[in-house]
Amino acid sequence: MQSRRTILRAGAGLALTAAAVGAGAMPVFAEATATGWADLALRIQGDIVLPADPGYDAAKELQIVEYDAVHPQAIAFPETPQDVQAIVNYARVNGISVRVRSGGHNFNGWSTGEGLVIDTSRLNHATVGSSTVRIGPGLQSIDALHALAPYNKQIIAGTCPTVAPGGFISGGGIGYQTRKFGLGSDRLKSAQIVLADGRLIRASATQYSDLFWGLRGGGGGNFGVVTEFEVAPIAAPRMVFFSTMWAWDKAEQIFAAWQTWQLNASVNLGSALIFNLPDAAPGAVPMVIITGGYHGPESEAQAALAQLTSLIGAQPVSNFVSDLPFHEAMQTAYGCGDLTQDQCHRQGANPDANLHRTAWQRDAYRMFNQPFTPTQVSGLIATLDGDRVAGQRRVLHCMAVGGNSNYVSPTATAYPHRDANFLIGYVAQLDTPTPTAESAASAFVQTGANVLNPISDGAYVNFPGSSLPDWATQYYGDNYLRLKKVKNAYDPNNFFRHPRSIGSLGQ
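Residues numbered from 1 in each chain as written. Predicted model: local features only at pLDDT ≥ 70, side-chain atom pairs only at ≥ 80, totals over all residues. Heavy atoms only, no water.

### Structural notes on the overall build of the protein
Helix and strand counts for the protein come out as 15 helices and 17 strands. Its C-alpha radius of gyration of 23 Å places the protein within 12% of the 23 Å reference for a compact globule of 507 residues. Once local pairs closer than 6 in sequence are excluded, the contacts in the protein between residues at least 24 apart make up 72%. Once the 34 positive and 38 negative side-chain charges of the protein are each reduced to a mean point, those two points are 7 Å apart. (Helix = DSSP H or I, 4+ residues; strand = E, 2+ residues; numbered from the N terminus. Rg over C-alpha atoms; globule rule 2.2 N^0.38 Å. Contact = heavy atoms within 4.5 Å. Lys, Arg positive; Asp, Glu negative; His and termini not counted. Charge placed at Lys NZ, Arg CZ, Asp CG, Glu CD.)

### Describing the state of the cysteines
Scanning the entire structure with this criterion turns up one disulfide. The disulfide that involves Cys336 links it to Cys344, with 2.1 Å between the sulfurs. Given an S-S torsion of about 75°, the disulfide between Cys336 and Cys344 has right-handed geometry. The exposure class assigned to Cys344 is buried, which follows from its relative accessible area of 0%. Looking at the unpaired Cys160, the closest cysteine sulfur is the one in Cys344, lying at 8.2 Å. This cysteine, Cys398, is not joined by any disulfide, and Cys160 carries the nearest cysteine sulfur, 19 Å off. (Disulfide = S-S within 2.5 Å. Buried < 20%, exposed > 50% of the residue type's maximum accessible area, 1.4 Å probe, protein only.)

### Observations concerning the pairing of strand β17 (residues 422–430)
Within β17, nine of the nine residues are buried, leaving the element largely enclosed by the surrounding structure. Neither face of β17 is open: one carries Phe422, Ile424, Tyr426, Ala428 and Leu430, the other Leu423, Gly425, Val427 and Gln429, and all of them are buried. Of the pairings in the sheet, the one linking strand β15 (residues 360–368) to β17 comprises nine bridges and is antiparallel in character. Of the residues in β17, the one forming a bridge with Asp363 is Val427. Pairing of strand β16 (residues 392–400) with β17 involves nine bridges; the strand directions are antiparallel. Paired with His397 across the strands is Gly425, a residue of β17. (Pairing = 2+ DSSP bridges.)

### Observations concerning the confidence of the model for the protein
Averaged over every residue, the pLDDT of the protein is 93; the share at 70 or more is 93%. Low confidence marks residues 2–31, where pLDDT is under 50. Its contacts with residues over four positions away, or in another chain, come to 72 contacts. (pLDDT = per-residue confidence, 0-100.)

### With respect to the pattern of salt bridges
For the structure on display, the rule yields 16 salt bridges. Asp491 is the salt-bridge partner of Lys487, the closest N and O atoms lying 2.8 Å from each other. Per residue, the accessibility class of Lys487 equals that of Asp491, and both read buried. Taken together, the shared-partner salt bridges connect Arg134, Arg202, Glu228 and Glu230 into one network. (Salt bridge = Lys/Arg side-chain N within 4 Å of Asp/Glu carboxyl O.)

### Remarks on helix α13 (residues 435–452)
With 18 residues, α13 should reach 26 Å at 1.5 Å per residue; the first-to-last C-alpha distance of 26 Å fits that figure. Those residues of α13 that sit buried are Ala441, Phe444, Val445, Gly448, Ala449 and Leu452. The buried residues of α13 occupy an angular sector of 140° when the element is viewed end-on, so they sit on one face. Along α13, the residues that are exposed and aim more than 90 degrees away from the buried face are Pro435 and Thr436. (Expected span 1.5 Å × (residues − 1). Arc of directions from axis to C-beta.)

### Some words on the packing of helix α9 (residues 251–263) against helix α12 (residues 374–385)
Taken N-terminus to C-terminus, the directions of α9 and α12 make an angle of 125°; their axes are 10 Å apart at the nearest point. The angle between α9 and α12 falls in the class oblique. Note that α9 runs across α12; the crossing there is right-handed. Contacts between α9 and α12 involve Ala251, Glu252 and Phe255 from the first element and Val377, Ser378, Leu380 and Ile381 from the second. Considering only residue class, the contact of α9 with α12 consists of five nonpolar, one polar and one charged. (Axes fitted to C-alpha atoms, helices over the stretch in contact; angles between N-to-C directions. Parallel < 35°, antiparallel > 145°, perpendicular 65-115°, else oblique. Left-handed = near helix turned anticlockwise from the far one by under 90°. Nonpolar A, V, L, I, M, F, W, Y, C, P; charged D, E, K, R; others polar.)

### Side note on the packing of aromatic side chains
Tallying each qualifying case throughout the model produces 22 aromatic pairs. Taking the centre distance of 5.4 Å and the plane angle of 65° together, the rings of Tyr460 and Phe463 count as edge-to-face. Taking relative accessible area as the criterion, Tyr460 reaches 2% and is therefore assigned buried. Given the relative accessible area of 15%, Phe463 is considered buried. Considering the side-chain rings of Tyr475 and Tyr476, the 5.8 Å spacing of their centres and the 75° angle between planes classify their relative orientation as edge-to-face. On the basis of relative accessibility, which here comes to 2%, the residue Tyr475 falls in the buried class. A cation sits over an aromatic face here: Arg394 above Phe444, 4.1 Å from the ring centre. Over the face of the ring belonging to Trp213 we find Arg482, whose NZ or CZ atom lies 3.9 Å from the ring centre. (Phe/Tyr/Trp six-rings, centres within 6.5 Å; stacked < 30°, edge-to-face > 60°. Lys NZ or Arg CZ within 6 Å of the ring centre and 35° of its normal.)

Now the structure itself:
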C-alpha cells in the first residue's frame with residue numbers, strides 16, 4: 001500500500017516533480033508507474049493501493065462479487081478534499097481513466113474500472129449545523145443514522161445500510177421517507193466538488209447553480225468527485241416500522257390491495273411490497289411481504305394496517321409493528337435489528353461486520369405513474385412464477401414513491417419522475433454463478449423487462465437496469481439535453497465517465 005506515512009517511514013527519498021497541490025493547481029507528475037504512484041502517495045494524507053499490495057483484493061471489492069473480476073490499476077483512498085484534487089490532477093495529466101466510488105453498490109459495476117478508482121469511503125464525516133447537516137460522500141447510511149441521532153436530526157436514507165450518499169443523493173435518493181419528506185436530493189443545499197480540472201468549488205442555488213441542478217438527480221460519477229453534501233435534515237425523531245407476511249395464494253389480491261392502499265394513504269406512509277422466491281425450484285412457495293415505515297403515531301399506523309387487511313380480505317401470516325427512535329427503526333428495516341452498528345456492515349469492513357456480499361445479480365426496474373390493471377397484475381405475478389430454475393433467487397420488488405416528492409416541477413432538478421407513484425423491478429441473484437445459470441437468470445430478468453417496458457414511465461438511475469433501451473430518456477426525460485450542457489460546461493473532455501454517464505456513447 002502506497003501512503004504518505006509508509007513511504008516517509010521507509011525513507012523513500014523520491015523527488016517531487018512539482019510544488020504542493022493547491023486549489024486548482026495543475027502540477028506535472030511522473031508517469032503512472034510504481035514510482036509515479038509513490039510520488040502521488042507522498043502528496044496525500046490517504047492511501048494508494050496497487051495490485052502488488054497485500055490489501056489490494058479487499059480494496060477493489062464492490063457489493064457484488066462478480067465485479068471482483070475487474071482489476072483497477074490503482075485504488076485511491078483520499079481523506080481530504082485536497083487529496084481528491086491531487087488524485088484527479090494526477091489521473092488527468094497521466095491520461096488515466098477514473099471511476100468514483102462511495103458505497104460500491106452500483107448494480108452494473110460502474111464504480112470500478114481498469115484505471116484508477118477513487119474511493120471516498122474515508123470522507124465520512126457528519127457535521128451538524130444550526131439548520132443543515134454536512135456529510136461526506138462515503139458516510140454509509142447505518143453510520144449516518146447513528147451519528148445524527150444524538151442531535152435529534154436525521155437524513156433521508158435508502159433501504160440498504162451500507163449505501164452512501166455519493167451515489168444515493170446524486171441519483172435522487174428514494175426510501176421509506178420519500179412520500180413524507182421528498183427525495184434525498186430535494187434536501188440538498190450545497191455540494192463541495194472537485195472538478196475535472198482540479199478545482200474545488202461549492203455548488204448551490206447561488207453559486208454554480210447549473211451544476212447544482214445537475215447534482216440533484218443526474219447520477220453519480222458524471223461531473224466530478226463530491227467531497228461533501230450539505231443537506232436540510234428531516235424532522236423524524238421516531239418511525240413506526242412494520243413488516244407483514246402474507247399467503248402466496250392471494251398474491252394478485254395482495255398486489256391490487258397494496259397499490260390501492262398506498263395511493264390513498266397519508267404521506268406519512270412509505271412501504272414496499274416484496275415477492276421473494278429464495279430458490280426458484282419448482283414447487284417452492286414465494287414469500288409475500290409488505291414492509292415499511294410510518295412517520296406518525298403508532299395508532300395511525302395500526303389503523304392503516306387494519307385497512308390493508310380489510311382490502312386484502314385475509315389476515316397476514318405474521319405481523320410485526322414497532323414504534324422506535326428513527327435510527328433504530330431504520331436499522332430494524334435494514335434487517336439489522338439484532339445486530340450492533342458495527343455488525344451492520346459488509347463483511348471485511350471491520351472485525352465485527354456481518355453482512356454478506358451478493359455473488360451475482362441482474363435487475364430490471366422501471367417507474368410507473370398509474371395503478372396496474374388486473375390483467376397487468378396477473379402478468380407481473382406470472383412472470384415471477386414462470387419458467388422456474390432451481391438455484392435462482394427471484395424478487396419482484398415494488399416501492400411506493402410520490403407523495404410530497406411529486407409536488408416539485410420535473411425540471412426543478414435533474415430528477416424528472418415527478419408523477420411516479422411506484423418503482424417496480426425484477427431481480428435475479430445467484431450464489432454460485434455458472435455460465436448456464438447466468439444465462440437462465442439473465443433470461444428471466446429480460447422477460448421481466450419486456451413485461452415492464454410497455455407500461456412504464458421511465459427508469460431510476462440508482463437502480464440502473466441490466467439492459468435498458470434509450471437509457472438517457474428513461475433516466476432523465478426532457479432533462480437530458482440540459483444535463484449535457486452542464487457536462488460540457490464542467491467536464492468538456494468527458495474525464496468522468498462510465499458506460500451510461502452523461503454524454504457517453506454518443507448520447
